[in-house]
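Listed here are the chains, written in short residue letters.
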Amino acid sequence: MIELAPSILSADFARLGEQVHAASAGGASLIHVDVMDGHFVPNLTIGPPVVKSLRKVTDLPLDCHLMIDNPDEFIPVFAELGVNWISVHQEAVRHLNRTLHLIRSHNCQAGVVINPATPVETLSEVLDIVDYVLVMSVNPGFGAQKFIPSTLHKMRRLTEIRSQRGLDYRIEVDGGVALDTIADVVRSGAEILVAGNAVFGSGDPKKNAEELLRAGTEAALQKV
Ligand code: DX5
Ligand code: ZN
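Residues numbered from 1 in each chain as written. Chains lettered and ligands numbered in written order. Predicted model: local features only at pLDDT ≥ 70, side-chain atom pairs only at ≥ 80, totals over all residues. Heavy atoms only, no water.

Participant: Just to check I follow, could you spell out the coordination of the zinc ion (ligand 2) for this structure?
Facilitator: In an ideal tetrahedron of four donors about a metal, each angle is 109.5 degrees. In an ideal octahedron of six donors, the angles are 90 or 180 degrees. Within the first shell, the zinc ion (ligand 2) binds the protein through His32 (NE2), Asp34 (OD), His65 (ND1) and Asp174 (OD), at distances of 2.0 to 2.3 Å. The coordination sphere of the zinc ion (ligand 2) comprises 6 donor atoms, whose angles at the metal cover 70 to 169°; the geometry is octahedral. Within one chain, the residues donating to the zinc ion (ligand 2) are spaced in sequence as H-x1-D-x30-H-x108-D. Of this pair, aspartate 34 sits in strand β2 (residues 31-36) while aspartate 174 sits in strand β7 (residues 170-174), and the two are 140 residues apart along the sequence. In this structure aspartate 174 comes out as buried when scored by relative accessible area, which is 9%. (Donors = N, O, S within 2.8 Å, 3.2 Å for Na, K, Ca; no water. Tetrahedral: all angles 85-135°; square planar, octahedral: opposite > 155°, others 65-115°. Helix = DSSP H or I, 4+ residues; strand = E, 2+ residues; numbered from the N terminus. Buried < 20%, exposed > 50% of the residue type's maximum accessible area, 1.4 Å probe, protein only.)

This is the structure we're talking about:
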């Protein structure tokens, strides 16, 4: 099943609640929250106060993508605010096994993220303790960047490894997902599609979400 996770990074922050409602009316099943610290990535975005407000306006699961150094410090904070999914970057964490268990100990779904330059092989020792793997298809830090097609093989590889090893993690993709790239990511195995600019960049977020979901679901049906 294909799920859409609109990234609020491209939303109008002055009308955040309204925009999130529109995206969920369009079929979004989780809300992707990009947390950046200005160190791990060259941008600053959302922190706990915004997540606290967001939690009050939607019942959808909040998918918190931590692009920060030392995520262990903030995992308990976000978990207590009621986020449901937390992902950390392989490149940012020194003790990945410990960090993933920390996320799980807070009853959140635990995800690991890899940048475009990071191979899938670096995850081999943690694939059995994650609920999802997030493949970055742009370099993290900004919305509305161009999709990097050379990341597609990593979604295919993760699909293969999952069946070879009998694992059950889900595969999420983030960056440049739009109507012109969605079929490729879905055919490569991505199941949870993050989209910022394609949902909130222009036009009606509800309609944009509906169109993306329709295109993603069609591509998934063609795959079988
Ligand atoms: C990038 C963020 C993404 C971003 C995706 O660092 O992790 O979630 O919002 O935005 P689009 O869909 O515009 O590429
Ligand atoms: Zn993200």
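Okay, back to it.
Participant: Looking at this structure, how should I read the pairing of strand β6 (residues 132-136)?
Facilitator: Successive residues of a regular strand alternate their side chains across the two faces of the sheet. Most of β6 is tucked away: 5 of the 5 residues are buried. Going residue by residue along β6, you find Tyr132, Leu134 and Met136 tucked away on one face and Val133 and Val135 tucked away on the opposite face as well. With 4 bridges joining them, strand β5 (residues 109-114) and β6 adopt parallel strand pairing. Counterpart to glycine 111 in the pairing with β6 is tyrosine 132. Direction of pairing for β6 relative to β7: parallel, over a ladder of 5 bridges. Residue pairing across strands places leucine 134 opposite glutamate 172, the latter belonging to β7. (Pairing = 2+ DSSP bridges.)

Participant: Could you clarify how one ought to interpret the site of ligand 1 in this entry?
Facilitator: Taken together, 20 residues form the shell around ligand 1, and within it Asp34, Gly141, Ala144, Asp174 and Gly176 come nearest. Contact between ligand 1 and aspartate 34: an oxygen atom at 2.7 Å from a side-chain N or O atom of the residue. At 2.8 Å from an oxygen atom of ligand 1 is found a main-chain nitrogen or oxygen belonging to glycine 196. Notes on ligand 1: free accessible area 380 Å², of which the protein chains cover 99%. (Near = heavy atom within 4 Å. Polar contact = N/O pair within 3.5 Å; in protein donor to acceptor, adjacent residues only side chain to side chain. Areas by Shrake-Rupley, 256 points an atom, 1.4 Å probe, with all protein chains shown as cover.)

Participant: I tried to follow the packing of helix α1 (residues 16-25) against helix α8 (residues 205-223) on my own but got confused; where do I start?
Facilitator: Packed helix pairs are specified by the crossing angle of their axes together with the interaxial distance, meaning the distance between the axes. At a closest axis distance of 7 Å, the pairing of α1 and α8 adopts a crossing angle of 35°. The crossing of α1 and α8 is right-handed. Of the residues in α8, those touching α1 at Gln19, Ala22, Ala23 and Ala25 are Pro205, Lys206, Ala209 and Glu210. The residue inventory of the contact of α1 with α8, partitioned by class, reads 5 nonpolar, 1 polar and 2 charged. (Axes fitted to C-alpha atoms, helices over the stretch in contact; angles between N-to-C directions. Left-handed = near helix turned anticlockwise from the far one by under 90°. Contact = heavy atoms within 4.5 Å. Nonpolar A, V, L, I, M, F, W, Y, C, P; charged D, E, K, R; others polar.)

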